[in-house]
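Single-letter residue listing:
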There are 2 protein chains.
Amino acid sequence: MPRRSRADSGVLPQPGEQTGETSGGSAPAEPELLHGVTAEPPNLEPEVAALDSFLTPAEVRFVRCHFEVPAIDLQGFALEVAGAVAHPLRLTLEDLRALPRRSVTVATECAGNSRVSLSPPPRGEPWAGGAVANAQWTGVPLTAVIDRCGLREDALELVFTGADQGLLPGGEQASYARSLPRSKAVEEDVLLALEMNGAELLPAHGAPLRLVVPGWYGMASVKWLQRIDAVAQPFAGWFQAERYLYVEYGAMAKVSRMRVKSMVTWPAAFAVLAPGPQRVRGFAWSGEGPIDKVEVAFEGGNDWREATLLDPQLPHAWRAWEIGWEPPAAGRYLLRSRATDARGNRQPAAPRWNEQGHGANAVQVVLVEVR
Amino acid sequence: MPRRSRADSGVLPQPGEQTGETSGGSAPAEPELLHGVTAEPPNLEPEVAALDSFLTPAEVRFVRCHFEVPAIDLQGFALEVAGAVAHPLRLTLEDLRALPRRSVTVATECAGNSRVSLSPPPRGEPWAGGAVANAQWTGVPLTAVIDRCGLREDALELVFTGADQGLLPGGEQASYARSLPRSKAVEEDVLLALEMNGAELLPAHGAPLRLVVPGWYGMASVKWLQRIDAVAQPFAGWFQAERYLYVEYGAMAKVSRMRVKSMVTWPAAFAVLAPGPQRVRGFAWSGEGPIDKVEVAFEGGNDWREATLLDPQLPHAWRAWEIGWEPPAAGRYLLRSRATDARGNRQPAAPRWNEQGHGANAVQVVLVEVR
């Protein structure tokens, strides 16, 4: 949706510039491919049409920060693992690099993505639809660390704490922290990621170490990870108990798995197309299961045609789709894609409103003109 | 919403080019200020930000055509008035110009305007929000013609028929025709308009003669008017009985008065603003009564501030409003305006869905970036 790019937040240095002693801080360059959603802390997203590749390049990946990007001393860095464990650990980057490695391709959407599509738009960062990305992550399976620390029997959840911190609305100082239930934490594809798309993480994406939780909205994939604490009680930190909740007319539920969703990445919104045959394409994803079907409509109303699903379905990646289309006449068209997952979840026509504006997975409309 | 303009539909000649013997047909030039909604017949609308003046210039006024723009022989032109009248009439343009004159400023919105904001978007021309305009019309009060023809006591409605005709979906040939109840037709501000904003009508806007019905959606203001028939039975033509209906979950009602609505005309959608004080402005209108209040929100959530209403309220015109705003920080903002009329009607947060997609008067969101 946004029409112009942003050039000055300084949180996305070129990969070559972040190899010094410190990650973050005065990182300089930034591509002009992202739009500022908030300036402080930096929250950035690309236009949906910039996401037109199976693996999302680092420079167009959305950036979600709850606090300023922390400056991290890479020499002194260590991941602490403590709490309800048999063997507390302290793992330097060198230690982590010596552990077993795994690569997983994961689609990750910000829980607040498409918040502006809700009527009325709730408070919160006004993400327009570009806060989703698909990347190949490489790092240490969380299970490898769990095997080494030994979870005690009373360990109910693992709490992941980032190096980013700041003031909560109430004035209290806090770090960003989120927990996973033990059952999720021991899944083999949950990663402590050191690399994205074959390159070191960028500061804006959580360097030097971040959690990657396949299938869940992005708030679970804690960036700048520096502590893991096994706890015997449900974690009740601000970002766990007060935020990332579906609050709907009094009812409340925690945000976790990504709702089924899809997007059109070509053509771009407001594109002007020449007459003739077109290939319309995009991606679909769900945290509940593989994508079963993507249908596309080209005008208002209910004429849906089934798109072709491309590539093999990787367990946690988004699924590419495409469909041929020949506009019958000059004029304006409304392109819409609608995904259904293997559990029968299907994108709703209208967004389901909730107070914090999470999980807005309604069918999106891309307006184009043929002339 | 549309980002690019359209240059080749040929329905909006410059005023100087339409003074020949024939109106319509091969009219050449067209400003690049309108976007094509459908090409055949021509339906065009400007971006909302192009509507940032109290009187909408002819070159940015939306064009709504049910059939192709008819070619009309101005020499042979006459308005026929017949049916349940005491004195059938045949009025040439010269006759009409000799009758009493009246000027009225009228806001007119297409009933399908903002159809694309409905979820899911219904079939029908995909108007994005620019199909509304405010103009000063000059012509003969319909009452002056009614006085001369003498409505019989059994005249229940007046049927207005345009010169535009074509095939209905069922294959039948039809002219565009709409009726008004007698009680509405005798209101003093209903006009047989010969001029818009002090100039002769353009072919696209109904030259040489059109009806202007203040307070009602645009379908009532029949263009290329050539017949008026007083009828003793409710008119049941296609555009009266099959279209311009609110069909909502089985219930049905006729589209008539414009629902209360407003729009932000500055800043434009997707504008990038420099920090510092801003004047946000726009217009509000209602077919139910004068505008009582316009409130504006600058972010998601429910912080509404009351805008200042400008100029005197003319009975049928839209109302200008403005409000000062200083963005607290760089970042993205969601500007929304919400109008309330003197009868207490207020724009809803979410659009009220109906099958044909009429009366979409929900609060609109203008996304801007400050940096």
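As the structure is a computational prediction, the values presented were derived from the model and not from experiment.

A. Quick look at the overall build of chain A. Counting its secondary structure elements, chain A contains 4 helices and 25 strands. Here the C-alpha atoms of chain A give a radius of gyration of 21 Å, agreeing with the 21 Å that 2.2 N^0.38 yields for 371 residues. Seen along its three principal axes, the alpha-carbon backbone of chain A occupies a region of about 70 × 45 × 40 Å. The buried share of chain A, taken over its 371 residues, is 59%. Element-wise, carbon and sulfur atoms account for 49% of the exposed surface of chain A, whose accessible area totals about 14,000 Å².

B. Spatial organisation of the pairing of strand β9 (residues 157-167) of chain B. All names here are of chain B. By the criterion of burial, β9 is predominantly enclosed, with 9 of the 11 residues buried. For β9 and strand β10 (residues 173-181), the ladder comprises 8 bridges, and the chain directions are antiparallel. Paired with Leu-167 across the bridge in β10 is Gln-173. Between β9 and β10, which pair antiparallel in sequence order, lie 5 residues; one of them, Gly-171, sits at a positive phi of approximately 100 degrees. The sheet contact formed by β9 and strand β14 (residues 225-231) spans 6 bridges and is antiparallel. Within the sheet, the bridge partner assigned to Thr-161 lies in β14 and is Arg-227.

C. View of the confidence of the model for chain A. All names here are of chain A. Per-residue pLDDT for chain A averages 92, and the proportion of residues at 70 or more is 92%. Scored below 50 in pLDDT, residues 25-31 makes 22 contacts in the model with residues more than four places away or belonging to other chains. The complex prediction reports pTM at 0.90, with the ipTM value standing at 0.88.

D. A look at helix α2 (residues 142-149) of chain A. Listing the buried residues of α2(A) in full gives Leu142(A), Ala144(A), Val145(A), Ile146(A) and Cys149(A). Positive backbone phi, approximately 70 degrees, marks Gly150(A), located one or two places after α2(A).

E. Structural context of the pattern of salt bridges. Inspection of the entire model under this criterion finds 42 salt bridges over all chains. Notably, a salt bridge pairs Glu80(A) with Arg90(A), separated by 3.3 Å at the nearest N-O pair. Separated by 10 residues along the polypeptide, Glu80(A) in strand β5 (residues 78-83) and Arg90(A) in strand β6 (residues 89-92) bring together distant segments of the chain. What makes Glu80(A) partly exposed here is its relative accessible area of 29%. In this structure, Glu295(B) and Arg338(B) form a salt bridge, with 3.2 Å as the shortest nitrogen-oxygen distance. Of this pair, Glu295(B) sits in strand β20 (residues 291-297) while Arg338(B) sits in strand β24 (residues 331-341); the two residues are 43 residues apart in sequence, bridging distant segments of the chain. Owing to a relative accessible area of 10%, Arg338(B) belongs among the buried residues under this scheme.

F. Here's a closer look at the relation of the copies chain B and chain A. Laying chain B over chain A is done by rotating through 180 degrees and shifting 0.0 Å along the axis; what remains is an RMSD of 0.0 Å. On this basis, the relationship between the two copies can be described by a two-fold rotation axis. Take the interface residues of chain B: 100% of them recur as interface residues in chain A, which is what a same-surface contact looks like.

G. Up close: helix α2 (residues 142-149) of chain B. Across the 8 residues that make up α2(B), a large majority, 6, are buried. Restricting attention to buried positions, one finds in α2(B) the residues Leu142(B), Thr143(B), Ala144(B), Val145(B), Ile146(B) and Cys149(B).

H. Expanded view of the sheet that holds strand β17 (residues 261-266) of chain A. Residues and elements named next belong to chain A. Spatial ordering of the open sheet is given by β17-β19-β23-β22, a layout of 4 strands whose pairing is antiparallel. The outermost strands of the open sheet, each flanked by one partner alone, are β17 and β22 (308-309). Bridging between β17 and strand β19 (residues 278-285) involves 5 bridges; their strand directions are antiparallel. The partner of Val-264 across the bridge, within β19, is Gly-282.

I. Representation of the interface of chain B and chain A within the structure. The partner chain A presents 40 residues to the 40 residues of chain B that form the contact. Between chain B and chain A, a total of about 3,300 Å² is buried, with carbon and sulfur atoms accounting for 55% of that surface. Looking at the side of chain B facing chain A, the largest losses of area belong to Arg123(B), Phe270(B) and Arg332(B), adding up to 21% of the total buried there. If you look at where chain B meets chain A, you find 6 salt bridges. Within the residue set of the side of chain B that touches chain A, elements represented by two or more residues are β2 (35-38), β24 and β25 (365-370) of chain B. Per-class residue counts for the side of chain B that touches chain A are 21 nonpolar, 8 polar and 11 charged.

J. Seen up close, the environment of Gly287(B). Residue and element names in this part refer to chain B. Relative to the helices and strands, Gly-287 resides in the loop between β19 (278-285) and β20. With 31 residues separating them in the primary sequence, Gly-287 and Ser-256 have C-alpha atoms 8.7 Å apart. Among residues more than four places away in sequence, those in contact with Gly-287 are Gly-215, Arg-257 and Met-258.

K. Looking closely at the packing of aromatic side chains. Residue and element names in this part refer to chain A. For the coordinates displayed, the defined rule picks out 17 aromatic pairs over all chains. Note on Trp-285 and Trp-318: the rings are 5.9 Å apart at their centroids and 40 degrees apart in plane angle, and the pair reads as tilted. With a gap of 33 residues between them, Trp-285 in strand β19 and Trp-318 in the loop between β22 and β23 (319-325) connect regions that are remote in the sequence. Trp-318 matches Trp-285 in its accessibility class, with the two residues each being buried. Look at Trp-325 and Tyr-333: their rings are 5.2 Å apart centre to centre, the planes differ by 75 degrees, and that puts the pair in the edge-to-face class. The pair formed by Trp-325 and Tyr-333 is uniform in burial state, with each residue classed as buried.

L. Spatial organisation of the environment of Asp303(B). Along the chain, Asp303(B) falls in the loop between β20 and β21 (305-306). Those residues in contact with Asp303(B), other than ones at most four positions away along the chain, are Arg123(A), Val296(B) and Ala297(B).

M. Looking closely at the side chain of Asn43(B). Residues and elements named next belong to chain B. Mapping Asn-43 onto the fold places it in strand β3 (residues 43-45). Since its relative accessible area comes to 0%, Asn-43 is described here as buried. There is a polar contact of 2.8 Å between the side chain of Asn-43 and the side chain of Thr-38. Among the polar contacts listed, one links the side chain of Asn-43 to the side chain of Arg-64, at a separation of 3.1 Å.

Definitions and cut-offs
Residues numbered from 1 in each chain as written. Chains lettered and ligands numbered in written order. Predicted model: local features only at pLDDT ≥ 70, side-chain atom pairs only at ≥ 80, totals over all residues. Heavy atoms only, no water. Helix = DSSP H or I, 4+ residues; strand = E, 2+ residues; numbered from the N terminus. Rg over C-alpha atoms; globule rule 2.2 N^0.38 Å. Buried < 20%, exposed > 50% of the residue type's maximum accessible area, 1.4 Å probe, protein only. Areas by Shrake-Rupley, 256 points an atom, 1.4 Å probe, with all protein chains shown as cover. Pairing = 2+ DSSP bridges. pLDDT = per-residue confidence, 0-100. Contact = heavy atoms within 4.5 Å. Salt bridge = Lys/Arg side-chain N within 4 Å of Asp/Glu carboxyl O. Least-squares fit on C-alpha atoms with pLDDT ≥ 70 in both. Buried area = accessible area lost by both parts, 1.4 Å probe. Nonpolar A, V, L, I, M, F, W, Y, C, P; charged D, E, K, R; others polar. Phe/Tyr/Trp six-rings, centres within 6.5 Å; stacked < 30°, edge-to-face > 60°. Polar contact = N/O pair within 3.5 Å; in protein donor to acceptor, adjacent residues only side chain to side chain.

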